[in-house]
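# Survey of secondary and tertiary structure
Listed below are the residues making up each chain.
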Amino acid sequence: MEYPTPNTHSHIVAWHTPKRLLAASVRGRSHAHEGKPRDDAFHISYFTKKDIYFLAVADGAGSAAFSRKGASLACDTACKACEKYLLSTNALKLRCSDLELAKHYLAEALCKGVAAAYEAICAEAQAQERQVREYATTLQVALCKKIGTSYLFVTWWVGDGALALYDANEKEVFLLGTPDHGEYEGQTRFLTMPEIGGNPQAIAQRIRRAVVADFTALCLMTDGVSDAKFESDVALSMPEAWGRFWADLHGENEYHVAVSLDNMKAVELSLEKWLQFWAKGSHDDRTLAMLF
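The following paragraphs examine the structure supplied in this document. Because the structure is predicted, anything quoted here is derived from the model rather than measured.

### Let's talk about the sheet that holds strand β6 (residues 150-158)
An order of β3-β4-β5-β6-β9 is seen for the five strands of this open sheet, with the pairing classed as antiparallel. In this open sheet, the two strands that pair with only one neighbour each are β3 (40-47) and β9 (208-212). Neighbour to neighbour, the strand axes of the sheet diverge by 15° on average, direction disregarded. Relative to β6, strand β5 (residues 139-147) is paired through nine bridges, and the arrangement is antiparallel. Opposite Lys145, over in β6, you have Leu152 as the bridge partner. Of the strands in this sheet, β3, β4 (52-59) and β5 are in contact with helix α2 (residues 67-88), which crosses β3 at around 15°. Sitting on the sheet, helix α3 (residues 99-127) touches β4, β5, β6 and β9, and the angle it makes with β6 is about 25°.

Right, dumping it as structure tokens:
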């Protein structure tokens, strides 16, 4: 098979830092039944020299033959481009205390990362003599850096799924973007659309920022998770819904399957197992990336 993809994939990063990165992706039951590969992808990283966390999640379009490559290219390229730019910015110090300066550089990094992701997919399509739409994918990207006593988040999002910052103690949730829905069910927007990924102004307009004193988790997820765990787009902005989601991750579900968030040796497999939950009508690929 061209562009082979493992049925499951998980990874942990930065467990030596105050916050931790965790992500996992599993093939959906519908793809398994049809013998199709997993189209979701993710990438998580920690830029040690700048003390910056990176997360990306992508959902390849089911109607696009090579969307799995588009999704993985988008995540991996965005990370490389963001890191390259941020490491070259001498003004952004490891212990930066200038919030406005950090906002500027992280936003610039994301704009460059998203543009590079789009260009990488276009180059792959051209090399294979295919249409870019055959690599169609959504994309969520987030950067986080501690500035003084606060955490700065800068995010970018196109497509469905969810990207949110949750604080269990304060019972607050910030949806860092807006889910893209088309005129009919199943239609969404993609990075691979020229008017989005190929338009610098459109890229910049999707940047979101948040500054908080502390948080429980930053979550990026594909619609295979969000559609099953949240009743509607309205629920994505409700602290109560996120409280139930967080409790679900801790085992408050009918199968009593919990993610071992405090066990570095068990956490990856436990998240893969949790992602295989049963939900009526929910058989899509599932991917969840978290900073917590």
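### Here's the deal with the packing of α2 against α3
Closest axis-to-axis distance for the α2/α3 pair is 7 Å, and the angle between their directions is 140°. Between α2 and α3, the angle is such that the two are oblique. Relative to α3, α2 is oriented so that their crossing is right-handed. Every residue of α3 that contacts α2 at Lys69, Gly70, Leu73, Ala74, Thr77, Ala78, Ala81, Cys82, Tyr85 and Leu86 is listed here: Tyr105, Leu106, Glu108, Ala109, Leu110, Lys112, Gly113, Ala116, Ala117, Ala120, Ile121 and Glu124. Along the lines of polarity and charge, the residues of the contact of α2 with α3 split into 15 nonpolar, three polar and four charged.

### Quick word on the pairing of β4
Of all the eight residues making up β4, eight are buried; the element is thus mostly covered by neighbouring parts of the structure. Burial along β4 is two-sided: Ile52, Phe54, Ala56 and Ala58 facing one way and Tyr53, Leu55, Val57 and Asp59 facing the other are all buried. One ladder, built from eight bridges, connects β3 with β4; its direction is antiparallel. Bridge pairing links Ile44 to Leu55 in β4. Hairpin geometry of β3 and β4 is characterised by an intervening segment of four residues between the two adjacent antiparallel strands and by a positive phi of about 55° at Asp51.

### Let's talk about helix α8 (residues 267-274)
Of all the residues in α8, the buried ones are Val267, Ser270, Leu271, Glu272 and Trp274. Those residues of α8 that are buried are in contact with β1 (8-13), β2 (21-26), α6 (223-229), α7 (239-249) and β11 (286-291).

### Focus: the nonpolar core
Grouped together as the largest cluster of nonpolar side chains are 45 residues, with contacts concentrated most on Phe54, Leu86, Leu139, Leu143, Trp156 and Leu191. Only β3, β4, α2, α3, β5 and β6 provide two or more residues apiece to this core. No other element matches the 13 residues that α3 contributes to this core. Ignoring any residue separated from it by four or fewer positions in sequence, one finds Leu191 in contact with Ala74, Val114, Ala117, Tyr118, Ile121, Thr137, Leu139, Trp156, Val158, Ile196 and Gly197. Within the second largest apolar cluster, 33 residues are counted, among which are Met221, Ala235, Leu236 and Ala241.

Conventions and cut-offs
Counting restarts for each chain: residues are numbered from 1 in the order of the written sequence. Per-residue local features of the predicted model are confined to residues with pLDDT of at least 70, and side-chain atom pairs are confined, for both listing and counting, to 80 or more; whole-chain, interface and lining totals are unaffected and use all residues. The basis for every side-chain value is the complete set of heavy atoms in the structure, and neither hydrogens nor water enter the calculation. Pairing between two strands is assigned when DSSP locates at least 2 bridges connecting them. Only DSSP runs of H or I reaching four residues or more are called helices, and only runs of E reaching two or more are called strands; each is numbered from the N terminus. Every axis in this analysis is a line fitted to C-alpha atoms, fitted for helices over the stretch in contact. Angles between the N-to-C directions lie between 0 and 180 degrees. What makes two residues a contact is simply this: any of their non-hydrogen atoms within 4.5 Å. Angular relationships are summarised with four words: roughly parallel below 35 degrees, roughly antiparallel beyond 145, roughly perpendicular across 65 to 115, and oblique for the angles in between. Crossings are assigned a handedness: left-handed for a near helix turned anticlockwise from the far helix by less than a right angle, right-handed for a clockwise turn. Charged residues are taken to be Asp, Glu, Lys and Arg, nonpolar residues to be Ala, Val, Leu, Ile, Met, Phe, Trp, Tyr, Cys and Pro, and polar residues to be all remaining types, Gly included. Three exposure classes are used, based on accessible area relative to the maximum for each residue type with a 1.4 Å probe and protein chains only: buried under 20%, partly exposed in between, and exposed over 50%. Buried Ala, Val, Leu, Ile, Met, Phe, Trp, Tyr and Cys residues that are joined via side-chain atoms within 4.5 Å together make up what is termed a nonpolar core.

Shape descriptors only; they carry no functional weight alone.
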